[in-house]
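# Fold and geometry: a report
In case you want the letters, here they are:
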Amino acid sequence: MTALFALAVAASAVTAGTAAAAPSGTDNAAVVAAPAAAPVDEQQAPGAAQSGPVDPNTEYTKAFDAIAMAWGNDSTLGRVVGSAIGAAVGCGLGAVTAGSLTIAVPVITPIMAFGGCVVGGGTAGFLGGTVGSIVTGAGPLADAVGQQYGSLHAKGLIAQPLPDAAAAR
């Protein structure tokens, strides 16, 4: 059963890839029979110069988009988990703190405990989400910045190379 599922997923991926590459108004049967990519010797080498001029605005925009996506995608889980933990802990701390401050007036103690829960949960949830997103997003952000810096430098848009760690000693 698992092999059948894997075969179905592979077939749908191949079909979707060739159908997405098809120009509009073409016969899909001819497109499916066409090769998906050019042979390796016809493709441009990764370190080879580009055939046309480089538009700095486009390249910088691509670099900033890649960095923003790296941060956004990788910090989301930390933000969600940090917010949930912060809200749970903050609610408990706020309820105990506000409820114990009004213990002398038992009539308003439950109301203050609820208010303390809301304020504590909101505050600690915000702080927990901030810390969580920094913890989970900092590594991928640093990696993306390095990659984009290298890409822009390779295209001649940044003249200064990154300093060598061995030469800095």
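Presented here is an overview of the structure given in this document. Since we're looking at a predicted model, the values are computed, not measured.

## Section: the overall build of the protein
Of the regular secondary structure elements, the protein holds four helices and zero strands. Walking the protein from its N terminus toward its C terminus, one meets helices and strands in the order α-α-α-α. Each of the 169 residues in the protein was classed as buried or not, and the buried ones make up 19%. Put simply, the protein shows about 11800 Å² of open surface, and 72% of that area lies on carbon and sulfur atoms.

## Focus: the state of the cysteines
The final tally for this structure, using the stated rule, is one disulfide. Cys91 shares a disulfide with Cys117; S-S distance 1.7 Å. Where Cys91 bonds to Cys117 through sulfur, the torsion about that S-S bond is close to -85°, and the disulfide is left-handed. Taken as a pair, Cys91 in helix H3 (residues 56–101) and Cys117 in helix H4 (residues 109–154) lie far apart in primary sequence, 26 residues in all. Cys117 gets classed as buried once you look at its relative accessible area, which sits at 19%.

## Section: the packing of H3 against H4
Interhelical geometry of H3 versus H4 gives an angle of 160° and a closest axis separation of 3 Å. The orientation of H3 relative to H4 falls into the category roughly antiparallel. In this structure, H3 crosses over H4, and the sense of that crossing is right-handed.

## A few points about the pattern of salt bridges
This structure, assessed with the given rule, holds two salt bridges. Between Lys62 and Glu59 there is a salt bridge whose closest N-O contact spans 3.7 Å. One end of the pair is Lys62 and the other is Glu59, both in helix H3 and three residues apart, which spans about a single turn. A relative accessible area of 9% places Glu59 in the buried class. One salt bridge in this structure joins Lys155 and Glu59, with 2.5 Å as the shortest N-O distance. Taken as a pair, Lys155 in the segment after H4 and Glu59 in helix H3 lie far apart in primary sequence, 96 residues in all. Three or more residues joined by partner-sharing salt bridges are found here, namely Glu59, Lys62 and Lys155.

## Digging into the side chain of Thr102
Mapped onto the secondary structure, Thr102 falls in the loop between H3 and H4. Thr102 sits in the buried class, given a relative accessible area of 12%. Setting aside anything within four residues of it in sequence, one finds Thr102 in contact with Ile108, Thr109 and Met112.

## Thoughts on H4
Over its 46 residues, H4 runs 65 Å from end to end, which matches the ideal 68 Å to within 8%, given 1.5 Å per residue. Gly137 marks the point of greatest bend in H4, at about 45°, and the proline Pro140 comes within the next four residues.

## Re the side chain of Thr109
For Thr109, the position within the fold is in helix H4. The buried category is assigned to Thr109, whose relative accessible area is 17%. A polar side-chain atom of Thr109 sits 2.7 Å from the main-chain carbonyl oxygen of Thr102.

Definitions and cut-offs
- Residue positions within a chain follow its written sequence, with the count starting from 1.
- Reporting of local features is limited, given that this is a predicted model, to residues whose pLDDT is at least 70; pairs of side-chain atoms are given and counted only at 80 or more, and all residues count toward the totals for whole chains, interfaces and linings.
- Excluded from the side-chain calculations are hydrogens and water; all other atoms, namely the structure's heavy atoms, are used.
- We count a stretch as a helix when DSSP gives it H or I for four or more residues in a row; a strand needs E for two or more, and each element gets its number in order from the N terminus.
- Only protein chains enter the accessibility calculation, which uses a 1.4 Å probe; a residue whose area is less than 20% of its type maximum is buried, one above 50% is exposed, and one in between is partly exposed.
- Each accessible area is a Shrake-Rupley result for a 1.4 Å probe, and residues are judged covered by the shown protein chains and nothing else.
- Note that a disulfide, as used here, is simply two cysteine sulfur atoms within 2.5 Å.
- The angle between two axes is taken between their N-to-C directions and runs from 0 to 180 degrees, where each axis is a line fitted to C-alpha atoms and a helix contributes only its stretch in contact.
- Orientation is classified from the angle alone, with under 35 degrees giving roughly parallel, over 145 giving roughly antiparallel, 65 to 115 giving roughly perpendicular, and any other angle giving oblique.
- Left-handed describes a crossing whose near helix is turned anticlockwise from the far helix through less than a right angle; right-handed describes the clockwise counterpart.
- A carboxyl oxygen of Asp or Glu within 4 Å of a side-chain nitrogen of Lys or Arg is what we treat as a salt bridge.
- Residue contacts are counted whenever heavy atoms from the two residues lie within 4.5 Å of one another.
- Take the number of residues in a helix, subtract one, and multiply by 1.5 Å to get its expected span.
- Given a residue, its bend is the angle between the two axes fitted to the seven residues that end at it and to the seven that start from it.
- What qualifies as a polar contact is a pair of N or O atoms within 3.5 Å, subject to a donor-acceptor requirement within protein and to the restriction that residues adjacent in sequence count only when both atoms come from side chains.

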